[in-house]
Structures are given as structure tokens and as C-alpha cells.
Amino acid sequence: MVILWGVAALGAAFCAMLIVVRRAQRVLPPIVLPPGETMPTTALQRLAWQSLVPIFLLTLATAAVVAYNGVAVAWDNDAVRLPATGLLVAALAVFTYYIGRVRMWIIRDNGTLDERDRAILSSAPAGQAPAMMVTLAAWMIGLIERYHASHLVPSAYLYLIFWSLLMVSILASLAGVVIGYRRS
Amino acid sequence: MAKATIRNEIRRLRFEHGEMTQQALADRVGCSRQTIIVLEQGRYVPSLLLALQIARVFGTTVEAVFTMEAGG
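Residues numbered from 1 in each chain as written. Chains lettered and ligands numbered in written order. Predicted model: local features only at pLDDT ≥ 70, side-chain atom pairs only at ≥ 80, totals over all residues.

**Student:** Help me understand the overall build of chain B in this model?
**Tutor:** Along chain B, the regular secondary structure elements total five helices and two strands. Reading the secondary structure of chain B in the N-to-C direction produces β-α-α-α-α-α-β. The C-alpha radius of gyration of chain B comes to 12 Å, within 12% of the 11 Å expected for a compact globule of 72 residues. When contacts within chain B are restricted to residue pairs at least 6 apart in sequence, those whose partners lie at least 24 apart make up 57%. (Helix = DSSP H or I, 4+ residues; strand = E, 2+ residues; numbered from the N terminus. Rg over C-alpha atoms; globule rule 2.2 N^0.38 Å. Contact = placed C-beta atoms within 7 Å.)

What follows is the structure, encoded as C-alpha cells:
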């Protein structure tokens, strides 16, 4: 039941992020390209997609592992907890690579990023805070409803809350870049 | 305050300058072709620096490339 709350939290966080990003944008005319021509992608756009997809899949895989085994088993059993943590650490490694590349482009200022890329990078975190707040609220409501009678919340949830907030924050920042190119 | 719209003549100026491609213009002003595409289509308003660089490529003034239209 609580896992369902977790999934609902992630979904709600993603929706909140989308709404915030969309409302922050102006209404823009559609991009019209000649027949047969596709919109060229920028280096930052490609990197953001190449980071977002594996991080999303790794997060989803971790959620599936925890959901399949149950929170208690996932927390107590090293054979479940360690691989799940490994998946999340792999996601962090991908994000670290993304941050490193972007920072290198910014520091070297070799023309890889133009002013629009930088503007999109600056506005990308707009959805992070709302997504994290929604996630936290969903966890709080879910855990209170589930454990209100016993007054005891298993400590495993501290671990899950931390990781879910971290991954929501990372995914929201990457999605902000991807959405930024579609909306500007 | 009425909203203003920025229009530009980049597409026309490109064709008047030897049918310059979007990529060639992007290379000369140091931005991506995608930025030129969204600029031409009025989806992105450039910085003053980029506007000046574009005007310089076409050998004209910023006002000749970009015009502001006050909206209702």
C-alpha cells in the first residue's frame, strides 16, 4: 500500500513539475519546418536525453525491486537492498557525468553552449522544488495514514524518502532541460 | 502595459546574402542552428549581443533586423 503511495508520489511530482514548467512559459507559435526536415538537436539537448532515459529506467527498476520484495524485505535483506542501492548509485553516476560535461562546457566556453542553451539551463530547475514538495507531501500523507494507529513508522522509509526525493530532484532538473527545448 | 512582439528579417536577409544557410549564420554568430530556427520563427528573443552579431553579419543595424511591434 505504501509502495503505491510512493508511485503515486512520483507521478504527482512529475505532473506538478510539468504544470509549473508549462505555466512558466509563454504561448509560442509552433515551429514550422520544411517537409522532410527535422529540428536539429543541440549538444545539451542530446546529453539531457541520454542522461534522463537511463536515470529514469534505473529509478524505475529500483522502485520495481522494492515493490516486488516489499519494503521490509528490501530493507532487511542485503541481497535485495544492496543491488537496489547499486542501481541508484549507477543513476547518480550518470547524473554526475551529465553535470561534469555541462560544467566543462560552461567553464571552457568553447561554443558548445549558446545563450539559449544557457537560458534553458538556468530555467530548468523551476520544477524541482514543486516536484520535491509534492513527493514529500505524498510520503507524509501515505505514512501517516498507514501507521497512524501504531505510531511507529519503520526506519526503512527514511531511506526510501531520501532516495525518492533525490531521484525526483534529479529527474525534474533533467526533464526541465528537455522540456525547455520544446517550450522555448 | 501592452505586450510587444519582436519580429525579425533574418530569413529574408539570409537569402539576400547569397542564400546563406541557417548553419552558416549559426557558425558565424556562435550559436546553434536550432537557435537560428527558433529566432527566425519568433519563438526566441535574442540577447543584445546576439542581435548585434547577427546585424553585423548582414552588414546592417539591429533595427533593420529586429523590429518591435506593440500589441494591444
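From this point, the discussion proceeds with the structure in view.
**Student:** It is not clear to me how the overall build of chain A should be interpreted in this structure. Could you clarify?
**Tutor:** Of the regular secondary structure elements, chain A holds seven helices and zero strands. Within the span of chain A, comprising 184 residues, buried residues form 29% of the whole. Taking the contacts inside chain A whose residues are at least 6 apart along the sequence as the reference set, 86% of them involve residues at least 24 apart. (Buried ≥ 20, exposed ≤ 12 C-beta atoms within 10 Å, placed from the backbone.)

**Student:** Any chance you could explain the interface of chain A and chain B here in plain terms?
**Tutor:** How big an interface is tends to be stated in terms of the accessible area lost upon association of its parts. With twelve residues of chain A in contact, the opposing surface of chain B contributes 14 residues. Along the lines of polarity and charge, the residues of the side of chain A that touches chain B split into six nonpolar, three polar and three charged. (Nonpolar A, V, L, I, M, F, W, Y, C, P; charged D, E, K, R; others polar.)

**Student:** Any chance you could explain the nonpolar core here in plain terms?
**Tutor:** When a protein is soluble and globular, its nonpolar side chains tend to lie buried together. I55, V168, L171 and L174 of chain A are the most contacted members of the largest nonpolar core, which has 28 residues in total. Of all elements in the fold, only helix 1 (2-24), helix 2 (43-69), helix 4 (78-108), helix 6 (128-147) and helix 7 (156-183) of chain A reach the threshold of two or more residues within this core. Sort the elements by how many residues they give to this core and helix 7 of chain A lands first, with nine residues. Other than its neighbours up to four places away in sequence, L174 of chain A contacts A48, S51, L52 and I55 of chain A. Ranked by size, the runner-up nonpolar core spans ten residues in total, among them I10, V29, I54 and V65 of chain B. (Core = buried A, V, L, I, M, F, W, Y, C linked by C-beta atoms within 7 Å.)

**Student:** Got a minute to help me understand unusual backbone geometry in this structure?
**Tutor:** Most peptide bonds adopt trans geometry, and most residues besides glycine take a negative phi value. The phi dihedral of D109 of chain A falls on the positive side, at around 50°, and the residue is not glycine. Structurally, D109 of chain A is set in the loop between helix 4 and helix 5 (115-123). If you check the backbone angles, E19 of chain B has positive phi at about 50° while not being a glycine. Within the secondary structure, E19 of chain B sits in the loop between helix 1 (10-16) and helix 2 (22-29). E19 of chain B sits in the exposed class, given 8 other C-beta atoms within 10 Å.

**Student:** Just to check I follow, could you spell out the packing of helix 5 of chain A against helix 7 of chain A for this structure?
**Tutor:** Packed helix pairs are specified by the crossing angle of their axes together with the interaxial distance, meaning the distance between the axes. All names here are of chain A. For the pair helix 5 and helix 7, interaxial distance at closest approach is 8 Å and the crossing angle is 130°. Here helix 5 is positioned oblique relative to helix 7, judged by the angle of their axes. In terms of crossing hand, the pair formed by helix 5 and helix 7 is right-handed. Here I120, L121 and S123 of helix 5 lie close against helix 7, whose contacting residues are G176, V177, G180 and Y181. (Axes fitted to C-alpha atoms, helices over the stretch in contact; angles between N-to-C directions. Parallel < 35°, antiparallel > 145°, perpendicular 65-115°, else oblique. Left-handed = near helix turned anticlockwise from the far one by under 90°.)

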